[in-house]
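Summary of the model geometry
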Amino acid sequence: MKASILVLAGDGVGPEVTAEGTRVLRAVGTKFGHTFSLRDGLLGGIAIDRMGTALPAETLAMARASDAILLGAVGGPKWDDPMADVRPEQGLLAIRRELGLYANLRPVTIHPKLVGASTLRPEVLKGVDLLVVRELIGGIYFGEKTRAPDRASDLCVYTSDEVRRVVRRACELARGRRKKLTSVDKANVLESSRLWRRITEELVRKEYPDLQLEHVLVDACAMYLARRPASFDVIVTENMFGDILTDEASVLAGSMGLLPSASLGDGPRGLYEPIHGSAPDIAGRGIANPYATILSVAMLLRYSLGLEKEAAAVESAVSRAIDRGVLTADVAPPGAPAVTTVQAGQAVVEAL
Ligand code: IPM
Ligand code: MG
């Protein structure tokens, strides 16, 4: 097949990890006979520096003309003035919103070799295989904001349609898994959560009666993720809760550098990025873990291009590289030698 992919490397370790993602993508093209045409675009801090805006119109136009987008990370200390009107993160939020990517899929699995990389006990991690579906373009991130010297506000709004479409996506995914759906909210306090809970309940009852549905309050969910993570299958939740819970969930896997994500809308076009940030403390040193980005490439192949066999091949190649002990510093056991970003990428290509 032919596909056009926009690469937005972004800031910090973004260019280092996307270089390995595209290396793997090219290898998949060669091995399976596909033509992937890759283009580069500007997003985030680098776009602010060169174009004065975090999401230049050219980038958005290129994104709309692509089949999929691979993104590194945005942000860094250089642009970190909290009072600044232009921030790298705005670019990320705007591209998600402009492309209508309301469902953010963040799978968490644990490679047996990396059980020791987590701060949690091995017996707690046994059997963990969960998927967080985070609503991505609504809620408090996008509600009306006000700022005055002594008062500031961020409004959290959801409509029933916004809830329904993301919960429906989560239900579809749960059907292909263990058929358990956990909807996370704060319905004991928030009106937006009460709406979320009612719509979810109605939808699942009516359209997905084969699923087991539970509602869990977000504070309790944060605790259960650390106490009994293996009990979760698919978790669906609103934007900010999903942001927070997935950073917590990354501890299960051992490192933020291992978790991929896919952001999807109604059509096949999606945006794929590691859930980690720009990691300015290690940027430019060639030691960032590229596996989260490479696993995001696998999700890109699966969800935007429909190439399941290729996606599975990439996932299995990463797994074999980890088996062989090809580990960057974030996950290498104490005393064991750590590989560079490039070496980890090369090991995946070899395993392919
Ligand atoms: C994420 C990030 C972003 C978010 C930031 C960089 C805006 O934390 O993708 O989880 O909050 O969505
Ligand atoms: Mg986050």
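Residues numbered from 1 in each chain as written. Chains lettered and ligands numbered in written order. Predicted model: local features only at pLDDT ≥ 70, side-chain atom pairs only at ≥ 80, totals over all residues. Heavy atoms only, no water.

Time to look at the packing of aromatic side chains. Counted according to the given criterion, the structure contains one aromatic pair. Judged by centre distance (5.6 Å) and plane angle (75°), the rings of Tyr158 and Trp196 are edge-to-face. Note that Tyr158 is positioned in the loop between β7 (151–154) and α6 (160–175) and Trp196 in helix α7 (residues 191–207), a separation of 38 residues in sequence. Trp196 gets classed as buried once you look at its relative accessible area, which sits at 2%. Here Lys31 stacks its cationic end above the ring of Phe32, 5.4 Å away from the centre of that ring. Between Arg228 and the ring centre of Tyr224, over which it is positioned, the NZ or CZ distance is 3.9 Å. (Phe/Tyr/Trp six-rings, centres within 6.5 Å; stacked < 30°, edge-to-face > 60°. Helix = DSSP H or I, 4+ residues; strand = E, 2+ residues; numbered from the N terminus. Buried < 20%, exposed > 50% of the residue type's maximum accessible area, 1.4 Å probe, protein only. Lys NZ or Arg CZ within 6 Å of the ring centre and 35° of its normal.)

For the chain, the assigned domains read domain 1 (1–107 + 254–352) and domain 2 (119–253). The C-alpha centroid of domain 2 is placed 24 Å from the C-alpha centroid of domain 1. Listed by partner, the interface residues are 25 residues for domain 1 and 23 residues for domain 2. When domain 1 packs against domain 2, the two sides together hide about 2000 Å² of surface, and 59% of this comes from carbon and sulfur. Per-residue buried area on domain 1 facing domain 2 is highest for Arg97, Tyr102 and Arg106; these three make up 33% of the total on that side. Linking domain 1 with domain 2 are one salt bridge. Of the charged contacts, one joins Asp85 and Arg147 as a salt bridge, the two residues approaching to 4.0 Å between their closest N and O atoms. Seen at the junction of domain 1 and domain 2, the total is ten residue pairs in polar contact (both at pLDDT 80 or more). For the side of domain 1 that touches domain 2, the secondary structure elements donating two or more residues are α4 (88–98), β4 (103–109) and β11 (262–264). Tallying contributions element by element places β4 first for the side of domain 1 that touches domain 2, with five residues. (Domains from an automatic or database assignment. Contact = heavy atoms within 4.5 Å. Buried area = accessible area lost by both parts, 1.4 Å probe. Salt bridge = Lys/Arg side-chain N within 4 Å of Asp/Glu carboxyl O. Polar contact = N/O pair within 3.5 Å; in protein donor to acceptor, adjacent residues only side chain to side chain.)

Mapped onto the elements, Arg198 comes out in helix α7. Measuring from C-alpha to C-alpha, the distance between Arg198 and Val163 comes to 9.8 Å, with 35 residues separating the pair along the chain.

Glancing now at the sheet that holds strand β5 (residues 129–135). The strands that make up a sheet pair up through hydrogen bonds in the backbone, lying either parallel or antiparallel. Taking strand neighbours across the sheet as the criterion, the ten strands line up as β2-β1-β3-β12-β11-β4-β5-β10-β8-β9 in an open arrangement whose pairing is mixed. At either margin of the open sheet sits one strand with a lone partner, and together these are β2 (35–40) and β9 (212–217). Across this sheet, the average inter-strand angle for adjacent strands is 25°, counted without regard to direction. Here strand β8 (residues 180–185) pairs with β9 via six bridges, running parallel. Opposite Ser183, over in β9, you have His215 as the bridge partner. (Pairing = 2+ DSSP bridges. Axes fitted to C-alpha atoms, helices over the stretch in contact; angles between N-to-C directions.)

What follows is about the nonpolar core. Of all hydrophobic cores here, the largest spans 88 residues; its most connected members are Phe36, Leu105, Val133, Val167, Leu252, Tyr291 and Leu301. No other element matches helix α10 (residues 291–303), which puts eight residues into this core. Residue assignment places this core across two domains, with domain 1 (1–107 + 254–352) and domain 2 (119–253) each supplying three or more. Ignoring anything within four residues of it in the chain, the contact list for Leu252 reads Val108, Ile110, Ser118, Leu120, Leu125, Val128, Leu130, Leu225 and Pro229. The next biggest cluster of nonpolar side chains, apart from the first, holds 15 residues, and it includes Ile69, Val74, Leu99 and Leu101. (Core = buried A, V, L, I, M, F, W, Y, C linked by side-chain atoms within 4.5 Å.)

In the vicinity of ligand 1, the contacting residues are Glu89, Leu92, Arg96, Arg106, Arg134, Tyr141 and Asp243. For ligand 1, an oxygen atom lies 2.7 Å from a polar atom in the side chain of Arg96. At 2.9 Å from an oxygen atom of ligand 1 is found a side-chain nitrogen or oxygen belonging to Asp243. When the free accessible area of ligand 1 is taken as 320 Å², the share hidden by the protein chains comes to 78%. Residue composition of the shell around ligand 1, grouped by class: two nonpolar, no polar and five charged. Both domains that meet at the shell around ligand 1, namely domain 1 (1–107 + 254–352) and domain 2 (119–253), each give it at least three residues. (Near = heavy atom within 4 Å. Areas by Shrake-Rupley, 256 points an atom, 1.4 Å probe, with all protein chains shown as cover. Nonpolar A, V, L, I, M, F, W, Y, C, P; charged D, E, K, R; others polar.)

Our next topic: the packing of helix α1 (residues 14–32) against α10. The geometry of α1 relative to α10 is characterised by a closest axis approach of 8 Å and an angle of 45° between their N-to-C directions. Classified by the angle between their axes, α1 and α10 sit oblique to one another. For the pair α1 and α10, the sense of crossing is right-handed. Taken together, the residues of α10 that come into contact with α1 (itself represented by Val17, Thr18, Glu20, Gly21, Val24, Leu25 and Val28) are Thr293, Ile294, Val297 and Leu301. A class-by-class count of the residues in the contact of α1 with α10 yields seven nonpolar, three polar and one charged. (Parallel < 35°, antiparallel > 145°, perpendicular 65-115°, else oblique. Left-handed = near helix turned anticlockwise from the far one by under 90°.)

All chains considered together, the criterion is met by 25 salt bridges. Notably, a salt bridge pairs Glu89 with Arg87, separated by 3.3 Å at the nearest N-O pair. Here Glu273 ties to Arg96 by a salt bridge, and the two come within 3.1 Å at their closest N and O atoms. One end of the pair, Glu273, is in the loop between β12 (270–272) and α10; the other, Arg96, is in helix α4, and 177 residues separate them in sequence. Each of the two residues, Glu273 as well as Arg96, counts as buried. Among the charged side chains, a salt-bridge network with shared partners connects Asp129, Arg177, Arg178 and Asp233.

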